[in-house]
Amino acid sequence: MNQSGRGFAAIVLGVSTGGVAALKRLLPALPAGFGLPLLIVIHMTRDSDDGLAVLLDSLSAIRVKEADEGERIEPGVAYLAPADYHLLVGRDRRMALSTDAPVNFARPSIDVLFESAARVYGAQLIGIILTGAAQDGAEGLFHIKQAGGYALVQEPEDAEMDSMPRSALARVQADRLVKLQNLPQLLVRLAQSGAASGAEEP
């Protein structure tokens, strides 16, 4: 099991350039009844609407929606940060939205989500960095590791844009490098068993 001796409670995921295609491969591959919530930051333009969440929801067996202020985090739901809002996890495991200044030139910022989730979930958290052309998420993944959580990073050679994965790997010793095509099966296994250290790459 992870360092807490308990199973995982949540997944946070950050993605930027190439992220729409990545999410269209990942989320539809997760089965109905997937046991963990996913909180996702994808860098989008300020005027984006909820069209991406609606599209992903139509393609996926799990529910996909934009996060709402004060909404309780439920298992088996993927929540996308709304455009131009930071997404945070509160101590009561409800979501909060913020219009504080951009972090790493981004709002929503992956670092903001990861750091808030690490404070709440500690060793029960899985953090994932996928394709992207910036360095947002590296510091947040470091906080997840410091809190005892589990760090997954897309293999840079597998990413459409490798800057975010490489920045994360420069900051954090990831628990596992993963190809996008293998990620859904790995997450299902982690969600079912909590046995991060014993899960073999599919």
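See the structure printed just above.
About the thresholds
Throughout this document, residue positions are counted from 1 along each chain, in the order its sequence is written. Where totals are concerned, whole chains, interfaces and linings use all residues; where local detail is concerned, this predicted model gives features only for residues with pLDDT of at least 70, and gives and counts side-chain atom pairs only at 80 or more. Values shown for side chains rest on all heavy atoms present in the structure; no hydrogens or waters enter the calculation. The term salt bridge refers to a pairing of a side-chain nitrogen on Lys or Arg with a carboxyl oxygen on Asp or Glu at a separation within 4 Å. Every helix listed is a DSSP run of H or I at least four residues long, and every strand listed is a run of E at least two residues long, numbered separately from the N terminus. Per-residue accessibility, obtained with a 1.4 Å probe over protein chains only, is compared with the maximum for each type, and a residue is labelled buried under 20%, exposed over 50%, and partly exposed between these values. Geometry is summarised by axes, namely lines fitted to C-alpha atoms with helices restricted to the contacting stretch, and by angles between N-to-C directions that run from 0 to 180 degrees. Any angle between 65 and 115 degrees counts as roughly perpendicular, while under 35 counts as roughly parallel, over 145 as roughly antiparallel, and the rest as oblique. Working rule for handedness: look at the near helix, and if it is turned counterclockwise from the far one by less than a right angle, call the crossing left-handed; if clockwise, right-handed. Any two residues whose heavy atoms approach within 4.5 Å are treated as being in contact. Strand pairing is assigned whenever DSSP detects at least two bridges linking the two strands.

1. Description of the pattern of salt bridges
In the structure shown here, the tally under the stated rule is eight salt bridges. The shortest N-O distance in the salt bridge between Glu 139 and Arg 171 comes to 2.8 Å. Of this pair, Glu 139 sits in helix H4 (residues 138-146) while Arg 171 sits in helix H5 (residues 163-171), and the two are 32 residues apart along the sequence. Overall, Glu 139 belongs to the partly exposed group, its relative accessible area being 29%. You can call Arg 171 partly exposed: its relative accessible area is 35%. Taking the shortest distance from any N to any O, the salt bridge between Asp 175 and Lys 145 comes out at 3.2 Å. Here the residue Asp 175 occupies a position in the loop between H5 and strand E9 (176-178), and Lys 145 occupies one in helix H4, the gap between them amounting to 30 residues.

2. As for the packing of helix H1 (residues 19-26) against helix H2 (residues 51-59)
Between H1 and H2, the least distance of the axes is 9 Å, while the angle of their chain directions is 25 degrees. Judged on the interaxial angle alone, H2 and H1 are roughly parallel. The element H1 and its partner H2 pack so that their crossing is right-handed. Only Leu 52, Leu 55, Leu 56 and Leu 59 of H2 make contact with H1, whose side of the interface consists of Val 20, Leu 23 and Lys 24.

3. Some thoughts on the environment of Glu 115
Within the secondary structure, Glu 115 sits in helix H3 (residues 110-121). For the pair Glu 115 and Leu 141, spaced 26 residues apart in sequence, the C-alpha separation works out to 7.7 Å. Residue contacts for Glu 115: discarding those within four places in its chain leaves Glu 139, Gly 140 and His 143.

4. Points about the sheet that holds E9
Here we have seven strands laid out as an open sheet, ordered E3-E4-E2-E1-E7-E8-E9, and parallel in their pairing. The two strands at the open ends of the sheet, each matched to only one other strand, are strand E3 (63-66) and E9. Between one strand axis and the next, the sheet turns by 20 degrees as a mean value, whatever way the strands run. Where strand E1 (residues 10-15) meets strand E7 (residues 125-129), five bridges bridge the pair, whose relative direction is parallel. Residue pairing for E7: Ala 10 is matched across the bridge by Leu 125. Together, E1, strand E2 (38-42) and E7 form the strand contacts of H3, whose direction differs from that of E1 by roughly 165 degrees. Together, E1, E7, strand E8 (150-154) and E9 form the strand contacts of helix H6 (residues 183-193), whose direction differs from that of E8 by roughly 170 degrees.

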